[in-house]
Each structure stands twice: as C-alpha cells, then as structure tokens.
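The residues making up each chain are set out below.
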Amino acid sequence: MHLVHFEQSPLQGRLDPEALLAEMQVRFEGRADELIPMLQCVQKALGFLPEQILLEIARLTRLPAARVFGTATFYSQFRLQPVGKYIIRVCRGTACHVKGSGRILDDIQGYLQVAPGRTTQDGLFTLETVACFGSCALAPILVINERVYGSTNRSKALRLLSDMRGG
Ligand code: FES
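Residues numbered from 1 in each chain as written. Predicted model: local features only at pLDDT ≥ 70, side-chain atom pairs only at ≥ 80, totals over all residues. Heavy atoms only, no water.

Asks: For the overall build of the protein, give the residues involved together with the corresponding values.
Replies: Along its length, the protein carries seven helices and four strands. Counting from the amino terminus, helix and strand elements in the protein follow one another as α-α-α-α-β-α-α-β-β-β-α. Over its C-alpha atoms, taken along the principal directions, the protein stretches across nearly 55 × 30 × 25 Å. Within the protein, buried positions represent 43% of all 167 residues. The long-range share in the protein, meaning contacts at least 24 apart out of those at least 6 apart in sequence, stands at 58%. Here the protein has roughly 9,300 Å² of accessible surface; of this, 51% comes from carbon and sulfur atoms. Averaging the coordinates of the 19 positive side-chain charges in the protein and doing the same for the 15 negative ones gives two points 10 Å apart. (Helix = DSSP H or I, 4+ residues; strand = E, 2+ residues; numbered from the N terminus. Buried < 20%, exposed > 50% of the residue type's maximum accessible area, 1.4 Å probe, protein only. Contact = heavy atoms within 4.5 Å. Areas by Shrake-Rupley, 256 points an atom, 1.4 Å probe, with all protein chains shown as cover. Lys, Arg positive; Asp, Glu negative; His and termini not counted. Charge placed at Lys NZ, Arg CZ, Asp CG, Glu CD.)

Take a look at the structure:
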C-alpha cells in the first residue's frame, strides 16, 4: 500500500508518522466504525493529528475527507496542531479568578508571547485555559503537564516557566 511522505516537524517525533501508519494497518481493518479509535491511536502516538494522516485515514476507511476532518474537529479530545513539551493550563474558574488567575494568565502570555491555544515557536510550551480544574480549595491553580500547582501566584508561575526554559 502507498504511504504518504511526511515532513518531520521538530514538534512531533514521539513516533515516526510513517511507522505509525504501517502499525495502524496491522491494528485496524479500515472500517468506517474504526474512525474514532484510529484518530485516538494517532493522537496518542503523536500528540496531535497531522493533516496528512487525516487524509491517509480517509483513504484507508474510504470515508470523505470532510467527514474525517469534521470528526477530528468536533471532539475536544483531538488536537490538530502539535503541542509543546510543556502544556501549561491556567484555571479560569470562579475560585481561581477571584484569587488572581487572570493576572497570572496575562503574565504567562506576556512571558511566552503566545495566546491560549497556541504553542511557542521553540516548541517548548503550549498555553491553555481550563474552565475549572476541580480543585477550587487550592485556587489559583496552574497545571503543567500532569502536575498540579496549587495556591500559585504570578512570581511562582513565572519562576516555574523560566526554570523549564533553562533559566
Ligand atoms: S476554579 Fe480553579 S479549580 Fe475550580
């Protein structure tokens, strides 16, 4: 079977996309009802869904590309853009807001020079906001990858990021 050639992005590389597609042909039969598991498989391996892979999945499943892209964009679990090494999530819920999460977010945006939903050019940080992280007693909350930082403040947040950037 023909495999498309992928440009290697410095942000991806958790797994080679061509190797991933080859593995998917073993794991999946290419049925239409496998679309979501296939998308989940790519998301898990690469951290996002590259456009070329979505086109290849459309070809494999014989589904219209619009259906594959529509599914990928409909579910919030899927990302169409690569993410940084560190995913920074600032809680924007009421408890965190009252305790200054808005200013923390402003500072982080200024420091990283990216808006929520975007990744820094060096591929190190992706900035996101969450509606409520569910740990309001520890407000304001900052989450970096899987690690939760409670009762944070502006200087703590910037120090963490600067440490991750290497000083
Ligand atoms: S409002 Fe931030 S954890 Fe609930």
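Asks: Hey, could you go over the sheet that holds strand β4 (residues 147–149) for me, with residue numbers and the actual values?
Replies: Sheet architecture is open: four strands sit in the order β2-β1-β3-β4, paired in mixed fashion. Two strands in the sheet have a free side with no partner beyond their single neighbour: β2 (125–130) and β4. Strand-to-strand twist of the sheet, defined as the mean angle between neighbouring strand axes without regard to direction, takes the value 20°. The strands that helix α7 (residues 154–165) touches are β1 (86–91), β2, β3 (142–144) and β4; relative to β3, the one it contacts most, it runs at about 10°. (Pairing = 2+ DSSP bridges. Axes fitted to C-alpha atoms, helices over the stretch in contact; angles between N-to-C directions.)

Asks: Which residues make up the packing of helix α3 (residues 51–61) against helix α4 (residues 65–74), and what values go with them?
Replies: The interhelical angle for the contact between α3 and α4, taken along N-to-C directions, is 125°, at an axis separation of 8 Å. Here α3 is positioned oblique relative to α4, judged by the angle of their axes. Crossing hand, α3 versus α4: right-handed. Residues Glu51, Leu54, Leu55, Ile57 and Ala58 of α3 form the contact with α4, whose participating residues are Ala65, Val68, Phe69 and Ala72. Class assignment for the residues of the contact of α3 with α4 results in eight nonpolar, no polar and one charged. (Parallel < 35°, antiparallel > 145°, perpendicular 65-115°, else oblique. Left-handed = near helix turned anticlockwise from the far one by under 90°. Nonpolar A, V, L, I, M, F, W, Y, C, P; charged D, E, K, R; others polar.)

Asks: So what's going on with unusual backbone geometry? Residues and values would help.
Replies: The omega torsion across Ala139 and Pro140 is -5°, close enough to zero to call that bond cis. In this fold, Pro140 is placed in the loop between β2 and β3. In this structure, Gln113 takes a positive phi of about 60° despite not being glycine. Positive phi outside glycine occurs at Ser151, with the angle close to 45°.

Asks: Explain the pattern of salt bridges residue by residue, including any values.
Replies: Applying the stated criterion across every chain, the model contains eight salt bridges. In this structure, Glu34 engages Arg31 in a salt bridge whose closest nitrogen and oxygen atoms are separated by 3.8 Å. Of the residues examined, Glu34 reaches a relative accessible area of 9% and is grouped as buried. Take Arg31: its relative accessible area is 37%, and that puts it in the partly exposed class. We note a salt bridge from Glu128 to Arg79, for which the minimum N-O separation is 2.7 Å. Of this pair, Glu128 sits in strand β2 while Arg79 sits in the loop between α4 and β1; the two residues are 49 residues apart in sequence, bridging distant segments of the chain. Judged by relative accessible area, Glu128 falls into the buried class, the value being 17%. Three or more residues are tied together by salt bridges with common partners; here these are Glu29, Arg31, Asp33 and Glu34. (Salt bridge = Lys/Arg side-chain N within 4 Å of Asp/Glu carboxyl O.)

Asks: Talk me through the pairing of β1; I want residue IDs and the actual numbers.
Replies: Summarising burial for β1: six of the six residues are buried, a large majority. Of the two faces of β1, the one carrying Tyr86, Ile88 and Val90 and the one carrying Ile87, Arg89 and Cys91 are both buried. Across six bridges, the pairing between β1 and β2 is parallel. Each bridged residue has a counterpart across the sheet, and for Ile87 the counterpart in β2 is Thr126.

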